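A look at the structure
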Amino acid sequence: MATFRIKRFNPEKQPEPYFEEFQLDIPEGATLLDCMNLIKWTLDGSFSYRMSCRSAICGSCAVKANGHALLACQRQAAHIVDNDETVTLEPLGNMKPVKDLVVDFTPFWDKINKVKPYLEPKEAVPEKERRQSQEEFLKIDDSSTCIMCGACYSDCNVLEVDDNFLGPAALAKAQRFVGDSRDSQTLERVKALSDPGGIWDCTHCGECVERCPKPAKPFDRIKEIMTVALEQGVHNNNGARHAMSFFNSVKRSGNLNENRIPVESMGFFNIPGLLSLLPVGIRMFLKGKVPPIIHHSIDEMDDVKRIFKELDQ
Amino acid sequence: MIQHDVVIVGAGLAGMRCALEACRELDVAVLTKVYPSRSHSGAAQGGIAASLGNSEPDSWEEHMYDTIKGGDFLSDQDAVEEYVKAAPRVIYELEHMGCIFSRTPDGKIAQRSFGGHSKPRACFSADRTGHAILHALHEQLMKNAKSVKIYNEWYMHSLIVDGDRCNGVVVSNIQTGEVEVIQAKAVVFATGGYGRVFKITSNAFASTADGVMAAFEVGLPLEDPEFVQFHPSGLYRQGILFSEAARGEGAYLLNGNGERFMETYAPSRMELAPRDIVARAEQSEIDAGRGVDGENCINLDLRHLGKERIMERLPQIRQLGIDFLGIDCITDCLPIQPTAHYSMGGIPTDKFGHVISDENGTRVNGFFAAGECACVSVHGGNRLGTNSLLEAVVFGERAGKSVLEYAAGIDYGNVNEGQEKAKVLKKFEDVYQRDGSESYNDIRDEMKEIMMSHCGVFRDEEKLKVCIETLKGLQEKFKKGKVTDKGKLFNTEIYEVLELGNMLGMALLIATAALERKESRGGHFRTDFPKRDDANFLHHSMIFDTPDGLVIKKKSVVITKHQPAERTY
């Protein structure tokens, strides 16, 4: 007998959410969604959640189980229960709960819409199909597997503190077109995606890759957009400057010049930006956290040079 | 009252393709009880048919013959001809919209083999073709957001009909529970199928006959409901789809003795015979005690394809096997069984997407249907794999063009908003007022069980009569079901009850038409009448609700190029 600890919420009845426990024998081979259905159909019909395809392709049934977002239909319930035979179910994070495990997807879709999620073709279309090589296909193969379930959005650490961030799903969708050999707007796209709230606001925590139930793996796609942005010369923003400064510092000295990176990231002529760094700098100074003024290279610079040489090739 | 030039119910391939057409000149509403990206079209895996000839020379003529033979000569051949001729163009258009396709070494759209098709004709995007097309169309709708308003998570309750004209729909917002009337010059149904009436099914929870039953409830007939396709490869017990593309790529079917039993049933096409034949072969093996380990399943063997090909061509379904059964098809066989998959029948339409109200083809003004919920009929008694995505796109587009033509010269019809709303509110109230002595869950389980065992792959008179009586009993029980959630907010329970009501009605129509058709053809197999009987049954069934009960009338099959012949593979 397993215990399903479910976060219940129905503002029609009670303004605050609460946890309710249900006991259930998990049938052999049952998915987590099968168990949720058993609870709804045999124990409490008022339990609300979304579901549809049962085969991990429609993206409806994403919920948080034991603190992490997943697709309920994709997981065997027996694999989800923890040692004391309990599973805790909660609605997805970073979106407003509507009822029980149902959340409001409006901001999620608003952000998808912001990245111009459609092909802007290069030229007038031919009579038949446009040719695309296997190599070109592979560049958009993974991002095209996204099912818009919201699992990445739910567990994104940036979104937790910054509503303005486009979020992993929208950025993965953006890569679907940035990487498409048939699209004409690559430069415009990566410029827009380099604005605040875009690719450079990602903290590289990799949580979205962990949560993604498909090969879409948003952070990998974000890295691909970053690469295209730098290749296309879209450097005039803090994120790109930060990445370049980081790269150059390691290339020069084998480690990070922490005095230089913030200044280079802001831009040498960005006076207001530089001034905004001052308070942090002063606090660091007062706490004795300022890095040494004279920056030393590491001893193994030959190795570093060799690595960069290989990378260049 | 909400007003739009046209309201399209359903946001799968047919609905969205229709919307793209109609929004060129009209103000379009697309209503879906899920989200467009969650429509069941997205679950289609293997491909979409068109005679592009990218890997072997092919022609529309061959595609046409394969489709008609696959449908056991019940297809309307004039419609099939236009449909297969349109196929290459609509595929190219999808590619132009940005749909992602797997490619041949020279960069063309790749094509693979599929059951019943004599040429490799299935254009595909790995093993998620439906998903790729669904998202491409959704992208286009987002691009056209100015002229297309999408109502996500709204439920359609009923059609508003005034004489021979359709003027709108009554709907409700699932999130808030509010009932609204949408007045429209034209209504299009693209509401999908009804596989959920069966215990083992590949269909989504959303595939519950809402659209077809709404049409039936305003006095329209349904066409060919007895023809339900059982897909040969549903994952054991779950029924979810494991693509025919596996067999298209060369997988074997093995019985419990390890034999490739298709040798006995379809020696020339083997595993790539049409689905009805393969599903029956599997069920025969299981019934004869040759299932795997004595269970109700047989084995699908992909091991000889090798890891590389599986990972390139079938990565998603390999993952399904791992997630749902804990079996990796690279190293082990997958247990599969026939699963209710596709409804050949539905709302009768002509080849332009106009719904018709009788066996003579009389049009209903302002009412259109496309996709699985419609019966054109291009699939006849059995649909070939990859022909459904094509149907949704071709006839979705056609319905859109018909709507453009129809709505341009017409004003809104009469709608009595208060009266229409009251009818639906009363439906809700009726459900809440029931005495609660019966469990909807038990009723649903019983319906699914009896439909599977008595109206499934093999049928006979005795079983069907028992099935019909059982369903009638369940309809009585349904009037006494118990509801716990009486709130308005995202009340999924009440919608499940409404859906169950639709399914019970639909199940009865399927069984009734199956009892009447005393022959075996395509997906409909009667063990008491195991032969096709063209003399008496070469016609479509049109089932009507009359004061004297259900009545079935004959609608003739359009035969242009291919006279019915014996169907062997």
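Going by the structure above, here's the rest.
For the structure given in this document, a descriptive report is provided here. Since we're looking at a predicted model, the values are computed, not measured.

Quick notes on the overall build of chain B
Helix and strand counts for chain B stand at 16 helices and 20 strands. Relative to the compact-globule value of 25 Å for 569 residues, chain B shows a C-alpha radius of gyration of 22 Å, a close match. Surface summary for chain B: the accessible area is close to 18100 Å², and the carbon and sulfur share equals 47%.

Notes on the nonpolar core
Generally speaking, nonpolar side chains in soluble globular proteins are found buried as a group. Within the largest apolar cluster, 112 residues are counted, with the highest numbers of intra-cluster contacts made by Phe4, Met36 and Leu89 of chain A together with Met262 and Leu302 of chain B. Of all the elements, helix 10 (residues 218-231) of chain A adds the most residues to this core, at six residues. Those residues in contact with Leu89 of chain A, other than ones at most four positions away along the chain, are Phe4, Arg5, Ile6, Lys7, Phe19, Leu32, Met36, Val63, Lys64, Ala65 and Leu101 of chain A. Of all hydrophobic cores here, the second largest spans 87 residues; its members include Val98 of chain A together with Cys166, Ala209 and Leu515 of chain B.

Regarding the pattern of salt bridges
Residues and elements named next belong to chain B. The tally for this structure, following the rule as stated, stands at 71 salt bridges over all chains. Ionic pairing is found between Arg17 and Glu93, a salt bridge with its closest N-O pair at 3.3 Å. On the criterion of sequence distance, the pair formed by Arg17 in helix 1 (residues 13-22) and Glu93 in helix 3 (residues 77-97) is long-range, its members being 76 residues apart. When the shortest N-O distance is used, the salt bridge between Glu81 and Lys561 registers 2.8 Å. Residue Glu81 is found in helix 3, and its partner Lys561 is found in the segment after strand 20 (549-556); the two are separated by 480 residues along the sequence. Residue Glu81 is classed as buried on the basis of its relative accessible area, which comes to 15%.

Details of the packing of helix 13 (residues 440-454) of chain B against helix 15 (residues 492-516) of chain B
Helix-helix packing is characterised by the crossing angle of the two axes and by the distance between the axes. All names here are of chain B. Where helix 13 contacts helix 15, the two axes come as close as 11 Å, and the packing angle between them is 25°. As judged from the angle between their axes, helix 13 and helix 15 are roughly parallel. Viewed along their axes, helix 13 and helix 15 form a crossing whose handedness is left-handed. Every residue of helix 15 that contacts helix 13 at Tyr440, Ile443, Arg444, Met447 and Met451 is listed here: Glu496, Val497, Leu500, Met503, Leu504, Ala507 and Ile510. A class-by-class count of the residues in the contact of helix 13 with helix 15 yields 10 nonpolar, no polar and two charged.

With respect to the sheet that holds strand 4 (residues 111-112) of chain B
All names here are of chain B. Strand order across the open sheet formed by three strands is 3-5-4, with antiparallel pairing between neighbours. Across the chains shown, the open sheet's two edge strands, defined by having one partner strand only, are strand 3 (48-49) and strand 4. The pairing of strand 3 with strand 5 (residues 122-123) spans two bridges and is antiparallel. Each residue of the ladder has a partner; that of Ile48, found in strand 5, is Cys123.

A look at the state of the cysteines
In protein chemistry, a disulfide is the covalent bond that joins the sulfur atoms of two cysteines. For the coordinates displayed, the defined rule picks out zero disulfides over all chains. Take Cys58 of chain A: it sits in no disulfide, and the sulfur closest to it among the cysteines is that of Cys53 of chain A, at 3.8 Å.

Some remarks on the interface of chain A and chain B
If you look at the interface, chain A gives 64 residues, while chain B gives 57 residues. A salt bridge links Arg50 of chain A to Glu153 of chain B, with the nearest nitrogen and oxygen atoms 2.5 Å apart. Where chain A touches chain B, the interface holds 37 residue pairs in polar contact (both at pLDDT 80 or more). The dominant element in the side of chain A that touches chain B, judged by the number of residues it contributes, is helix 1 (residues 32-43) of chain A, at six residues.

Section: helix 4 (residues 134-141) of chain A
All names here are of chain A. Residues of helix 4 that are buried: Phe137, Ile140 and Asp141. All buried residues of helix 4 fall inside an arc of 115° around its axis, so they share one side. For helix 4, exposure combined with an orientation more than 90 degrees from the buried face picks out Glu135 and Lys139. Looking at the packing, one finds that the buried side of helix 4 touches helix 7 (168-178).

Calculation rules
- Residues numbered from 1 in each chain as written.
- Chains lettered and ligands numbered in written order.
- Predicted model: local features only at pLDDT ≥ 70, side-chain atom pairs only at ≥ 80, totals over all residues.
- Heavy atoms only, no water.
- Helix = DSSP H or I, 4+ residues; strand = E, 2+ residues; numbered from the N terminus.
- Rg over C-alpha atoms; globule rule 2.2 N^0.38 Å.
- Areas by Shrake-Rupley, 256 points an atom, 1.4 Å probe, with all protein chains shown as cover.
- Core = buried A, V, L, I, M, F, W, Y, C linked by side-chain atoms within 4.5 Å.
- Buried < 20%, exposed > 50% of the residue type's maximum accessible area, 1.4 Å probe, protein only.
- Contact = heavy atoms within 4.5 Å.
- Salt bridge = Lys/Arg side-chain N within 4 Å of Asp/Glu carboxyl O.
- Axes fitted to C-alpha atoms, helices over the stretch in contact; angles between N-to-C directions.
- Parallel < 35°, antiparallel > 145°, perpendicular 65-115°, else oblique.
- Left-handed = near helix turned anticlockwise from the far one by under 90°.
- Nonpolar A, V, L, I, M, F, W, Y, C, P; charged D, E, K, R; others polar.
- Pairing = 2+ DSSP bridges.
- Disulfide = S-S within 2.5 Å.
- Polar contact = N/O pair within 3.5 Å; in protein donor to acceptor, adjacent residues only side chain to side chain.
- Arc of directions from axis to C-beta.

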